[in-house]
Amino acid sequence: MSHATHTFPKNFKWGAATAAHQVEGGAADSDWAAWEKLPNKIKENGSAAVACDWWNGQRWREDFDRAANDGQTTHRLGVDWSRIEPRLAIWDEDALDHYREMIKGLRDRGLEPMVTLHHFTNPLWLAERGGWENPDAVIYFERFVRKVVNALKDHVDLWCTLNEINIFAYQSYMDGVWPPEKKDTATCFKVIRQMLLAHAAAYRAIHEIQPTARVGIAHHIQLIDPHRADFAPDNWIANFQTRVFNESIPHALHTGHLHFPIGKWNEHLPELANTMDYVGINYYSRRVAAFDLSAAATLFGRTFHEPEAEMDHVNLNELYPSGLHRVIKWADRFKKPIYITENGWGDADESRRTRAMLLHLRNLWSAVNNNFPVRGYYYWSLVDNFEWERGWVQRFGLYELDLTTQERTPRSVAKLYAEVCKTNTLTSEMVERYAPEMTPTMFPG
Ligand code: FCB
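Worth saying up front: this structure is predicted, and the values here are computed from it rather than measured.

Rules and cut-offs
Residues numbered from 1 in each chain as written. Predicted model: local features only at pLDDT ≥ 70, side-chain atom pairs only at ≥ 80, totals over all residues. Heavy atoms only, no water. Axes fitted to C-alpha atoms, helices over the stretch in contact; angles between N-to-C directions. Helix = DSSP H or I, 4+ residues; strand = E, 2+ residues; numbered from the N terminus. Parallel < 35°, antiparallel > 145°, perpendicular 65-115°, else oblique. Left-handed = near helix turned anticlockwise from the far one by under 90°. Contact = heavy atoms within 4.5 Å. Nonpolar A, V, L, I, M, F, W, Y, C, P; charged D, E, K, R; others polar. Salt bridge = Lys/Arg side-chain N within 4 Å of Asp/Glu carboxyl O. Buried < 20%, exposed > 50% of the residue type's maximum accessible area, 1.4 Å probe, protein only. Near = heavy atom within 4 Å. Polar contact = N/O pair within 3.5 Å; in protein donor to acceptor, adjacent residues only side chain to side chain. Areas by Shrake-Rupley, 256 points an atom, 1.4 Å probe, with all protein chains shown as cover. Core = buried A, V, L, I, M, F, W, Y, C linked by side-chain atoms within 4.5 Å. Phe/Tyr/Trp six-rings, centres within 6.5 Å; stacked < 30°, edge-to-face > 60°. Lys NZ or Arg CZ within 6 Å of the ring centre and 35° of its normal. Expected span 1.5 Å × (residues − 1).

## Quick word on the packing of helix α3 (residues 60–69) against helix α5 (residues 93–108)
In the contact formed by α3 and α5, the axes pass within 10 Å of each other and the chain directions differ by 20°. Regarding the angle of α3 to α5, the classification is roughly parallel. Taken as a pair, α3 and α5 cross one another with a handedness that is right-handed. The residues of α5 that touch α3, namely those facing W60, R61 and F64, are H98, E101, M102, G105 and L106. Partitioned by chemical class, the residues of the contact of α3 with α5 number four nonpolar, two polar and two charged.

## As for the pattern of salt bridges
In this structure the tally under the stated criterion is 39 salt bridges. A salt bridge links R326 to D225, with the shortest nitrogen-to-oxygen separation between them at 2.8 Å. In this pair, R326 is assigned in helix α11 (residues 322–331) and D225 in strand β6 (residues 214–226), connecting sequence segments 101 residues apart. Among the residues examined, D225 registers a relative accessible area of 12% and is labelled buried. Overlapping salt bridges bring together D53, R59, E62, D63, R66 and R408 as one network.

## A look at the site of the ligand
Within the structure, the ligand sits among 13 residues, and Q22, H119, N163, E164 and E387 are positioned closest to it. Separating an oxygen atom of the ligand from a side-chain N or O atom of H119 is a distance of 2.8 Å. When isolated, the ligand has an accessible area of 290 Å², and the protein chains bury 93% of it. Partitioning the shell around the ligand into residue classes produces five nonpolar, five polar and three charged.

## Quick word on unusual backbone geometry
Geometrically, the link from P179 to P180 is a cis peptide bond, its omega value of 10° lying close to zero. Structurally, P180 is set in the loop between α8 (165–174) and α9 (185–209). The peptide bond linking W380 to S381 adopts the cis configuration, its omega dihedral lying at 10°. Counting through the fold element by element, S381 comes out in the loop between β12 (374–380) and β13 (399–401).

## Things to note about the nonpolar core
General note: in soluble globular proteins, nonpolar side chains tend to be found buried as a group. Residues W14, W132, F141, W159, I192, L364 and Y377 are the most contacted members of the largest nonpolar core, which totals 137 residues. Among the elements that make up this core, the one with the highest residue count is α9 (14 residues). The residues touching L364, leaving out its near neighbours within four places in the chain, are F8, F12, W14, L324, I328, I340, V374 and Y377. With 12 residues, the next largest nonpolar core counts A19, M114, C160 and W380 among its residues.

## What to know about the environment of T427
Among the secondary structure elements, T427 is positioned in strand β15 (residues 425–427). Residue class for T427 comes out buried when judged on its relative accessible area of 12%. Through-space distance from the C-alpha of T427 to that of R362 is 9.5 Å; in sequence the pair is 65 residues apart. Contact partners of T427, with chain neighbours within four places excluded, come to A4, T5 and F443.

## Brief notes about the environment of T73
Inspection of the secondary structure assignment puts T73 in the loop between α3 and β3 (74–78). For T73, a relative accessible area of 26% corresponds to the partly exposed category. With 348 residues separating them in the primary sequence, T73 and C421 have C-alpha atoms 8.2 Å apart. If sequence neighbours within four positions are ignored, T73 has contacts with F12, K13, W14, G110, L111 and E112.

## Quick word on the packing of aromatic side chains
Within the structure shown, the criterion is met by 37 aromatic pairs. When the ring of F120 is compared with that of W178, the centres are 4.7 Å apart and the planes differ by 55°; the resulting orientation is tilted. Of this pair, F120 sits in the loop between β4 (112–118) and α6 (124–128) while W178 is found in the loop between α8 and α9, placing the two residues 58 residues apart along the sequence. Note on F120: relative accessible area 3%, which makes it buried. With centroids separated by 5.9 Å and ring planes inclined at 75°, the aromatic side chains of Y284 and F396 adopt a geometry described as edge-to-face. In this pair, Y284 is assigned in strand β9 (residues 279–291) and F396 in the loop between β12 and β13, connecting sequence segments 112 residues apart. With relative accessibility at 7%, the residue Y284 sits in the buried group. Note on F396: relative accessible area 4%, which makes it buried. Grouping aromatic residues by their ring pairs yields a cluster made of W32, W35, F120, W178, F386, W388 and W392. For R66, the ring lying beneath its charged end belongs to Y399, and the centroid distance is 5.6 Å. In this arrangement the basic side chain of R362 is found over the ring face of F443, its NZ or CZ atom lying 5.0 Å from the centre.

## Comments concerning α5
One turn of an α-helix holds 3.6 residues; hence residues three or four places apart share an orientation. For α5, with 16 residues, the first-to-last C-alpha span of 22 Å sits near the 22 Å given by 1.5 Å per residue. Turning to α5, its buried residues number three or more, namely A95, L96, H98, Y99, M102, I103, G105 and L106. Structurally, α5 contributes buried residues whose contacts are with α1 (20–23), α3, β3, α4 (81–84), β4 and α7 (137–152). The residue sitting at the N-terminus of α5 and contributing the capping side-chain oxygen is D92; that oxygen lies 2.9 Å from the backbone nitrogen of D94. Directly after α5, the chain includes G110, whose backbone phi takes a positive value near 80°.

## Looking at α11
Most of α11 is tucked away: seven of the 10 residues are buried. Considered for burial, the residues of α11 that qualify are G323, L324, H325, V327, I328, W330 and A331. Turning to α11, the residues buried within the fold contact β6, α10 (232–255), β9, β11 (338–343), α12 (350–369) and β12.

This is the structure:
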(Lines give C-alpha, C1' and ligand atoms only; values in the text may rest on other atoms or scores of the structure.)
Protein backbone atom coordinates (compact mmCIF):
# COMPACT_ATOMS: atom_id res chain seq x y z
CA MET A 1 0.00 0.00 0.00
CA SER A 2 1.23 3.49 -0.78
CA HIS A 3 1.81 6.00 1.98
CA ALA A 4 0.71 9.23 0.43
CA THR A 5 0.40 12.65 2.03
CA HIS A 6 -1.49 15.43 0.33
CA THR A 7 -0.21 18.62 1.94
CA PHE A 8 -2.05 21.94 1.84
CA PRO A 9 -0.21 25.26 1.74
CA LYS A 10 1.02 26.82 4.96
CA ASN A 11 -1.63 29.27 6.24
CA PHE A 12 -4.46 27.53 4.38
CA LYS A 13 -7.63 28.39 6.33
CA TRP A 14 -9.87 25.56 7.51
CA GLY A 15 -13.32 26.18 8.91
CA ALA A 16 -17.04 25.59 8.79
CA ALA A 17 -19.87 27.83 7.67
CA THR A 18 -23.18 28.63 9.35
CA ALA A 19 -25.98 31.13 8.69
CA ALA A 20 -27.79 33.21 11.31
CA HIS A 21 -31.34 31.96 10.80
CA GLN A 22 -30.28 28.34 10.51
CA VAL A 23 -28.51 28.14 13.87
CA GLU A 24 -29.65 30.96 16.16
CA GLY A 25 -33.27 30.22 17.06
CA GLY A 26 -35.60 32.74 18.64
CA ALA A 27 -35.97 35.06 15.63
CA ALA A 28 -39.20 37.04 15.64
CA ASP A 29 -38.92 39.84 13.12
CA SER A 30 -37.87 38.20 9.87
CA ASP A 31 -39.89 37.02 6.89
CA TRP A 32 -38.70 33.45 7.42
CA ALA A 33 -39.60 33.43 11.13
CA ALA A 34 -43.15 34.37 10.12
CA TRP A 35 -43.38 32.20 6.99
CA GLU A 36 -42.14 28.96 8.51
CA LYS A 37 -45.01 29.09 11.04
CA LEU A 38 -47.55 28.73 8.22
CA PRO A 39 -48.80 25.18 7.64
CA ASN A 40 -47.11 22.95 5.04
CA LYS A 41 -44.25 25.26 4.19
CA ILE A 42 -41.51 23.22 5.84
CA LYS A 43 -40.97 19.46 5.64
CA GLU A 44 -42.48 17.70 8.65
CA ASN A 45 -43.47 21.13 9.97
CA GLY A 46 -39.92 21.82 11.07
CA SER A 47 -38.93 25.27 12.23
CA ALA A 48 -35.95 27.29 13.33
CA ALA A 49 -37.71 28.37 16.53
CA VAL A 50 -34.88 26.96 18.64
CA ALA A 51 -32.47 25.60 16.00
CA CYS A 52 -29.00 25.23 17.56
CA ASP A 53 -29.93 27.69 20.31
CA TRP A 54 -27.09 30.09 19.62
CA TRP A 55 -29.12 33.15 20.56
CA ASN A 56 -31.10 32.65 23.76
CA GLY A 57 -29.10 29.70 25.04
CA GLN A 58 -25.70 31.08 23.90
CA ARG A 59 -24.72 27.67 22.66
CA TRP A 60 -22.42 29.28 20.10
CA ARG A 61 -19.87 29.12 22.89
CA GLU A 62 -19.74 25.35 23.01
CA ASP A 63 -19.89 25.06 19.22
CA PHE A 64 -17.01 27.49 18.76
CA ASP A 65 -15.08 25.46 21.36
CA ARG A 66 -15.68 22.39 19.21
CA ALA A 67 -14.50 24.15 16.06
CA ALA A 68 -11.34 25.39 17.79
CA ASN A 69 -10.58 22.05 19.46
CA ASP A 70 -10.94 20.40 16.07
CA GLY A 71 -8.16 22.53 14.65
CA GLN A 72 -10.31 24.93 12.63
CA THR A 73 -8.83 28.38 12.11
CA THR A 74 -11.75 30.31 10.62
CA HIS A 75 -15.53 30.38 10.83
CA ARG A 76 -18.09 31.86 8.46
CA LEU A 77 -21.16 33.08 10.33
CA GLY A 78 -24.04 35.39 9.53
CA VAL A 79 -25.77 38.33 11.14
CA ASP A 80 -29.56 38.57 10.94
CA TRP A 81 -30.65 41.95 9.62
CA SER A 82 -34.04 41.63 11.34
CA ARG A 83 -32.40 41.47 14.76
CA ILE A 84 -30.22 44.50 14.18
CA GLU A 85 -32.93 46.60 12.53
CA PRO A 86 -36.18 45.06 13.78
CA ARG A 87 -38.22 48.07 12.59
CA LEU A 88 -37.35 50.44 9.77
CA ALA A 89 -34.48 52.67 10.99
CA ILE A 90 -34.81 51.39 14.58
CA TRP A 91 -31.58 49.76 15.66
CA ASP A 92 -31.13 47.17 18.37
CA GLU A 93 -27.78 47.86 20.00
CA ASP A 94 -28.10 44.78 22.22
CA ALA A 95 -28.24 42.60 19.13
CA LEU A 96 -25.08 44.25 17.84
CA ASP A 97 -23.43 43.66 21.22
CA HIS A 98 -24.45 40.02 21.03
CA TYR A 99 -22.82 39.65 17.62
CA ARG A 100 -19.73 41.52 18.82
CA GLU A 101 -19.41 39.06 21.68
CA MET A 102 -19.77 36.08 19.36
CA ILE A 103 -17.16 37.43 16.99
CA LYS A 104 -14.78 38.21 19.83
CA GLY A 105 -15.50 34.65 20.96
CA LEU A 106 -14.20 33.43 17.62
CA ARG A 107 -11.06 35.57 17.84
CA ASP A 108 -10.41 34.42 21.43
CA ARG A 109 -10.43 30.85 20.17
CA GLY A 110 -8.08 31.58 17.28
CA LEU A 111 -10.82 31.48 14.63
CA GLU A 112 -10.81 34.20 12.00
CA PRO A 113 -14.38 35.39 11.34
CA MET A 114 -15.90 35.76 7.89
CA VAL A 115 -19.18 37.61 8.35
CA THR A 116 -22.13 37.18 5.97
CA LEU A 117 -24.41 40.22 5.91
CA HIS A 118 -27.37 38.65 4.11
CA HIS A 119 -28.20 34.97 3.99
CA PHE A 120 -31.73 34.55 2.59
CA THR A 121 -33.78 36.12 5.41
CA ASN A 122 -35.15 39.67 5.44
CA PRO A 123 -36.63 41.91 8.07
CA LEU A 124 -40.43 41.71 8.01
CA TRP A 125 -40.64 45.47 7.54
CA LEU A 126 -38.70 45.11 4.30
CA ALA A 127 -40.87 42.20 3.13
CA GLU A 128 -43.94 44.31 3.84
CA ARG A 129 -42.50 47.08 1.67
CA GLY A 130 -41.99 44.82 -1.33
CA GLY A 131 -38.77 43.11 -0.25
CA TRP A 132 -36.02 43.13 -2.85
CA GLU A 133 -38.41 44.35 -5.54
CA ASN A 134 -38.46 47.72 -3.78
CA PRO A 135 -35.78 49.97 -5.33
CA ASP A 136 -35.09 51.35 -1.84
CA ALA A 137 -33.89 47.91 -0.72
CA VAL A 138 -30.45 48.90 -2.04
CA ILE A 139 -30.37 52.01 0.15
CA TYR A 140 -31.75 50.14 3.17
CA PHE A 141 -29.16 47.41 2.78
CA GLU A 142 -26.26 49.83 2.48
CA ARG A 143 -27.41 51.66 5.62
CA PHE A 144 -27.63 48.36 7.51
CA VAL A 145 -24.18 47.33 6.29
CA ARG A 146 -22.65 50.61 7.48
CA LYS A 147 -24.18 50.05 10.91
CA VAL A 148 -22.80 46.51 11.18
CA VAL A 149 -19.36 47.30 9.84
CA ASN A 150 -18.95 50.26 12.17
CA ALA A 151 -19.95 48.04 15.08
CA LEU A 152 -17.76 45.05 14.21
CA LYS A 153 -14.81 46.47 12.31
CA ASP A 154 -12.36 46.08 15.16
CA HIS A 155 -12.78 42.32 14.96
CA VAL A 156 -13.67 41.54 11.34
CA ASP A 157 -12.12 42.38 8.00
CA LEU A 158 -13.39 39.51 5.86
CA TRP A 159 -16.93 40.25 4.69
CA CYS A 160 -19.41 38.38 2.55
CA THR A 161 -22.19 40.75 1.52
CA LEU A 162 -24.78 38.39 0.06
CA ASN A 163 -25.15 34.63 0.07
CA GLU A 164 -26.23 32.89 -3.14
CA ILE A 165 -28.04 35.67 -4.98
CA ASN A 166 -29.05 33.13 -7.66
CA ILE A 167 -30.53 30.58 -5.25
CA PHE A 168 -32.35 33.26 -3.24
CA ALA A 169 -33.89 34.82 -6.37
CA TYR A 170 -34.82 31.56 -8.07
CA GLN A 171 -36.33 29.94 -4.99
CA SER A 172 -38.24 33.05 -3.92
CA TYR A 173 -39.24 34.63 -7.25
CA MET A 174 -39.03 31.97 -9.97
CA ASP A 175 -39.90 28.62 -8.38
CA GLY A 176 -41.88 30.29 -5.61
CA VAL A 177 -40.95 27.81 -2.91
CA TRP A 178 -39.61 30.42 -0.46
CA PRO A 179 -41.17 33.67 0.67
CA PRO A 180 -42.62 35.70 -1.01
CA GLU A 181 -43.53 32.67 -3.21
CA LYS A 182 -43.57 34.48 -6.54
CA LYS A 183 -43.23 32.75 -9.88
CA ASP A 184 -42.22 35.37 -12.35
CA THR A 185 -39.06 35.38 -14.45
CA ALA A 186 -38.92 39.15 -14.93
CA THR A 187 -39.25 39.74 -11.19
CA CYS A 188 -36.58 37.17 -10.50
CA PHE A 189 -34.09 39.00 -12.73
CA LYS A 190 -35.11 42.36 -11.32
CA VAL A 191 -34.32 41.05 -7.82
CA ILE A 192 -30.93 39.74 -8.96
CA ARG A 193 -30.15 43.16 -10.45
CA GLN A 194 -31.16 44.89 -7.21
CA MET A 195 -29.01 42.56 -5.15
CA LEU A 196 -26.03 43.21 -7.40
CA LEU A 197 -26.50 46.95 -6.91
CA ALA A 198 -26.83 46.35 -3.16
CA HIS A 199 -23.60 44.39 -3.18
CA ALA A 200 -21.78 47.17 -5.05
CA ALA A 201 -23.11 49.81 -2.63
CA ALA A 202 -22.07 47.66 0.33
CA TYR A 203 -18.66 47.00 -1.23
CA ARG A 204 -17.94 50.73 -1.40
CA ALA A 205 -19.39 51.47 2.02
CA ILE A 206 -17.27 48.78 3.67
CA HIS A 207 -14.08 49.97 1.99
CA GLU A 208 -14.84 53.55 2.96
CA ILE A 209 -15.16 52.54 6.63
CA GLN A 210 -12.43 49.93 6.56
CA PRO A 211 -9.94 50.37 3.71
CA THR A 212 -8.18 47.07 4.41
CA ALA A 213 -11.38 45.00 4.27
CA ARG A 214 -11.73 42.05 1.92
CA VAL A 215 -15.23 41.93 0.50
CA GLY A 216 -16.98 39.42 -1.74
CA ILE A 217 -20.07 37.30 -2.17
CA ALA A 218 -20.75 33.60 -1.66
CA HIS A 219 -21.83 32.45 -5.08
CA HIS A 220 -23.61 29.15 -5.62
CA ILE A 221 -22.48 27.10 -8.59
CA GLN A 222 -24.31 24.00 -9.63
CA LEU A 223 -22.50 22.62 -12.64
CA ILE A 224 -24.72 22.02 -15.65
CA ASP A 225 -23.48 19.45 -18.19
CA PRO A 226 -25.12 18.32 -21.44
CA HIS A 227 -27.21 15.18 -21.00
CA ARG A 228 -25.99 13.87 -24.38
CA ALA A 229 -22.45 15.18 -24.83
CA ASP A 230 -22.47 14.57 -28.58
CA PHE A 231 -25.86 16.20 -29.20
CA ALA A 232 -25.45 19.87 -30.11
CA PRO A 233 -28.85 21.10 -28.79
CA ASP A 234 -28.08 19.61 -25.33
CA ASN A 235 -24.75 21.41 -25.37
CA TRP A 236 -26.45 24.63 -26.33
CA ILE A 237 -29.00 24.35 -23.51
CA ALA A 238 -26.31 23.44 -20.95
CA ASN A 239 -24.17 26.42 -21.99
CA PHE A 240 -27.12 28.74 -21.94
CA GLN A 241 -28.19 27.66 -18.45
CA THR A 242 -24.60 27.85 -17.25
CA ARG A 243 -24.36 31.43 -18.45
CA VAL A 244 -27.64 32.46 -16.85
CA PHE A 245 -27.42 30.61 -13.56
CA ASN A 246 -23.71 30.27 -12.84
CA GLU A 247 -21.88 32.97 -14.72
CA SER A 248 -23.95 36.13 -15.12
CA ILE A 249 -23.69 37.21 -11.47
CA PRO A 250 -19.92 37.02 -10.89
CA HIS A 251 -19.30 38.32 -14.40
CA ALA A 252 -21.42 41.38 -13.67
CA LEU A 253 -19.46 42.03 -10.48
CA HIS A 254 -16.20 41.64 -12.37
CA THR A 255 -16.93 43.57 -15.56
CA GLY A 256 -19.88 45.85 -14.75
CA HIS A 257 -21.76 44.25 -17.59
CA LEU A 258 -25.03 42.55 -16.65
CA HIS A 259 -26.16 40.21 -19.37
CA PHE A 260 -28.91 37.64 -18.98
CA PRO A 261 -29.17 35.88 -22.34
CA ILE A 262 -32.93 36.10 -21.95
CA GLY A 263 -35.09 38.74 -23.60
CA LYS A 264 -33.24 42.00 -23.94
CA TRP A 265 -31.44 42.15 -20.64
CA ASN A 266 -28.07 43.60 -21.48
CA GLU A 267 -27.00 46.47 -19.31
CA HIS A 268 -23.85 48.29 -18.45
CA LEU A 269 -23.71 49.09 -14.73
CA PRO A 270 -20.22 50.49 -14.21
CA GLU A 271 -20.66 50.65 -10.43
CA LEU A 272 -20.66 46.83 -10.33
CA ALA A 273 -17.25 46.48 -11.94
CA ASN A 274 -14.37 45.13 -9.89
CA THR A 275 -16.33 44.73 -6.64
CA MET A 276 -15.00 41.31 -5.61
CA ASP A 277 -11.81 41.21 -3.55
CA TYR A 278 -12.13 37.44 -3.50
CA VAL A 279 -14.36 34.90 -5.22
CA GLY A 280 -16.46 32.89 -2.78
CA ILE A 281 -17.90 29.66 -4.16
CA ASN A 282 -20.56 27.45 -2.62
CA TYR A 283 -20.35 24.10 -4.39
CA TYR A 284 -22.48 21.02 -3.79
CA SER A 285 -23.53 19.31 -6.98
CA ARG A 286 -24.28 19.23 -10.70
CA ARG A 287 -27.17 18.40 -12.96
CA VAL A 288 -27.53 17.80 -16.68
CA ALA A 289 -29.51 19.69 -19.31
CA ALA A 290 -31.36 18.36 -22.33
CA PHE A 291 -33.09 19.96 -25.26
CA ASP A 292 -36.81 19.25 -25.00
CA LEU A 293 -39.36 20.47 -27.52
CA SER A 294 -42.16 20.13 -24.98
CA ALA A 295 -40.46 22.49 -22.48
CA ALA A 296 -41.36 25.78 -24.17
CA ALA A 297 -41.69 27.58 -20.83
CA THR A 298 -38.06 26.91 -19.96
CA LEU A 299 -36.79 27.78 -23.46
CA PHE A 300 -36.84 24.17 -24.61
CA GLY A 301 -34.42 23.06 -21.94
CA ARG A 302 -34.92 20.63 -19.10
CA THR A 303 -32.44 20.03 -16.29
CA PHE A 304 -32.36 16.94 -14.13
CA HIS A 305 -30.07 14.40 -12.51
CA GLU A 306 -29.00 11.41 -14.57
CA PRO A 307 -30.81 8.24 -13.43
CA GLU A 308 -27.46 6.62 -12.60
CA ALA A 309 -26.25 9.62 -10.55
CA GLU A 310 -25.46 8.86 -6.92
CA MET A 311 -27.83 11.07 -4.93
CA ASP A 312 -28.23 11.99 -1.25
CA HIS A 313 -31.24 10.54 0.58
CA VAL A 314 -33.53 13.50 -0.23
CA ASN A 315 -32.57 13.43 -3.90
CA LEU A 316 -31.26 17.00 -3.82
CA ASN A 317 -27.58 16.69 -4.64
CA GLU A 318 -25.61 14.38 -6.88
CA LEU A 319 -22.31 13.22 -5.45
CA TYR A 320 -19.97 14.75 -8.01
CA PRO A 321 -16.73 15.63 -6.21
CA SER A 322 -14.60 16.33 -9.29
CA GLY A 323 -16.93 19.29 -9.80
CA LEU A 324 -15.12 21.03 -6.95
CA HIS A 325 -11.90 21.05 -8.96
CA ARG A 326 -13.83 22.23 -12.02
CA VAL A 327 -15.47 25.18 -10.25
CA ILE A 328 -12.16 26.29 -8.78
CA LYS A 329 -10.58 26.19 -12.22
CA TRP A 330 -13.53 28.18 -13.55
CA ALA A 331 -13.27 30.76 -10.74
CA ASP A 332 -9.61 31.35 -11.54
CA ARG A 333 -10.68 33.48 -14.54
CA PHE A 334 -11.31 36.38 -12.13
CA LYS A 335 -7.68 36.39 -10.95
CA LYS A 336 -8.65 36.85 -7.31
CA PRO A 337 -8.12 34.77 -4.20
CA ILE A 338 -10.73 32.01 -3.98
CA TYR A 339 -12.57 30.78 -0.91
CA ILE A 340 -14.79 27.74 -0.89
CA THR A 341 -17.41 29.45 1.23
CA GLU A 342 -19.55 26.29 1.43
CA ASN A 343 -19.18 22.64 0.54
CA GLY A 344 -20.63 19.67 2.35
CA TRP A 345 -22.86 16.67 2.22
CA GLY A 346 -26.24 16.09 3.95
CA ASP A 347 -27.19 12.45 3.99
CA ALA A 348 -28.81 9.76 6.10
CA ASP A 349 -26.08 7.43 4.83
CA GLU A 350 -23.05 8.05 7.04
CA SER A 351 -20.61 6.06 4.94
CA ARG A 352 -21.53 8.14 1.89
CA ARG A 353 -21.08 11.29 3.98
CA THR A 354 -17.53 10.18 4.82
CA ARG A 355 -16.81 9.22 1.23
CA ALA A 356 -18.15 12.57 0.03
CA MET A 357 -15.83 14.43 2.40
CA LEU A 358 -12.76 12.45 1.37
CA LEU A 359 -13.43 12.86 -2.34
CA HIS A 360 -14.18 16.58 -2.12
CA LEU A 361 -11.06 17.19 -0.06
CA ARG A 362 -9.01 15.22 -2.56
CA ASN A 363 -10.36 17.48 -5.33
CA LEU A 364 -9.73 20.57 -3.25
CA TRP A 365 -6.15 19.45 -2.79
CA SER A 366 -5.71 18.70 -6.49
CA ALA A 367 -6.93 22.20 -7.38
CA VAL A 368 -4.65 23.79 -4.78
CA ASN A 369 -1.82 21.65 -6.04
CA ASN A 370 -2.38 23.10 -9.50
CA ASN A 371 -1.73 26.49 -7.93
CA PHE A 372 -5.24 27.81 -8.17
CA PRO A 373 -5.27 30.47 -5.46
CA VAL A 374 -7.64 28.84 -2.96
CA ARG A 375 -7.07 30.44 0.45
CA GLY A 376 -9.60 28.61 2.57
CA TYR A 377 -12.37 26.06 2.81
CA TYR A 378 -15.58 26.22 4.86
CA TYR A 379 -17.39 22.95 5.45
CA TRP A 380 -21.17 23.20 5.51
CA SER A 381 -21.85 22.88 8.36
CA LEU A 382 -20.48 22.81 11.89
CA VAL A 383 -23.59 21.34 13.49
CA ASP A 384 -26.91 20.11 12.02
CA ASN A 385 -29.09 23.13 11.40
CA PHE A 386 -32.40 24.27 9.93
CA GLU A 387 -32.27 23.47 6.22
CA TRP A 388 -34.85 25.93 4.91
CA GLU A 389 -37.88 24.27 3.27
CA ARG A 390 -36.32 20.87 4.03
CA GLY A 391 -36.43 21.67 7.75
CA TRP A 392 -34.54 18.99 9.63
CA VAL A 393 -34.89 16.08 7.20
CA GLN A 394 -31.52 16.83 5.65
CA ARG A 395 -28.59 17.30 8.00
CA PHE A 396 -25.16 18.55 7.09
CA GLY A 397 -23.41 18.87 10.46
CA LEU A 398 -19.98 17.67 11.43
CA TYR A 399 -21.85 17.32 14.72
CA GLU A 400 -25.21 15.64 14.93
CA LEU A 401 -27.80 17.65 16.86
CA ASP A 402 -30.45 16.14 19.08
CA LEU A 403 -33.16 18.77 18.79
CA THR A 404 -34.88 17.70 22.02
CA THR A 405 -31.87 17.74 24.30
CA GLN A 406 -29.61 20.09 22.28
CA GLU A 407 -26.91 17.49 22.70
CA ARG A 408 -24.21 17.37 20.02
CA THR A 409 -22.49 14.15 18.94
CA PRO A 410 -19.48 14.11 16.63
CA ARG A 411 -20.02 12.23 13.42
CA SER A 412 -17.20 10.28 11.88
CA VAL A 413 -16.62 13.22 9.50
CA ALA A 414 -16.03 15.53 12.49
CA LYS A 415 -13.10 13.36 13.56
CA LEU A 416 -11.79 13.04 10.03
CA TYR A 417 -12.08 16.79 9.36
CA ALA A 418 -10.33 17.55 12.66
CA GLU A 419 -7.37 15.39 11.57
CA VAL A 420 -7.23 17.22 8.25
CA CYS A 421 -7.41 20.66 9.88
CA LYS A 422 -4.83 19.84 12.56
CA THR A 423 -2.29 18.30 10.21
CA ASN A 424 -3.09 20.44 7.15
CA THR A 425 -2.95 17.22 5.16
CA LEU A 426 -5.09 14.46 3.74
CA THR A 427 -3.29 11.13 3.90
CA SER A 428 -3.76 7.61 2.58
CA GLU A 429 -3.59 6.46 6.16
CA MET A 430 -6.68 8.58 7.03
CA VAL A 431 -8.52 7.06 4.10
CA GLU A 432 -7.51 3.59 5.29
CA ARG A 433 -8.96 4.31 8.74
CA TYR A 434 -12.17 6.17 7.78
CA ALA A 435 -13.14 4.48 4.49
CA PRO A 436 -10.79 1.55 3.76
CA GLU A 437 -12.89 0.51 0.76
CA MET A 438 -11.73 3.68 -0.98
CA THR A 439 -8.00 3.05 -0.69
CA PRO A 440 -7.69 1.04 -3.93
CA THR A 441 -9.26 3.80 -6.03
CA MET A 442 -7.87 6.84 -4.22
CA PHE A 443 -4.38 5.45 -3.67
CA PRO A 444 -3.86 2.62 -6.16
CA GLY A 445 -0.04 2.95 -5.88
C1 FCB B 1 -26.78 26.42 0.50
C2 FCB B 1 -27.16 27.49 1.51
C3 FCB B 1 -27.00 27.07 2.94
C4 FCB B 1 -27.37 25.63 3.17
C5 FCB B 1 -26.72 24.73 2.16
C6 FCB B 1 -26.99 23.25 2.34
O7 FCB B 1 -27.45 26.63 -0.70
O8 FCB B 1 -26.39 28.64 1.32
O9 FCB B 1 -27.72 27.96 3.72
O10 FCB B 1 -28.74 25.49 3.19
O11 FCB B 1 -27.11 25.11 0.86
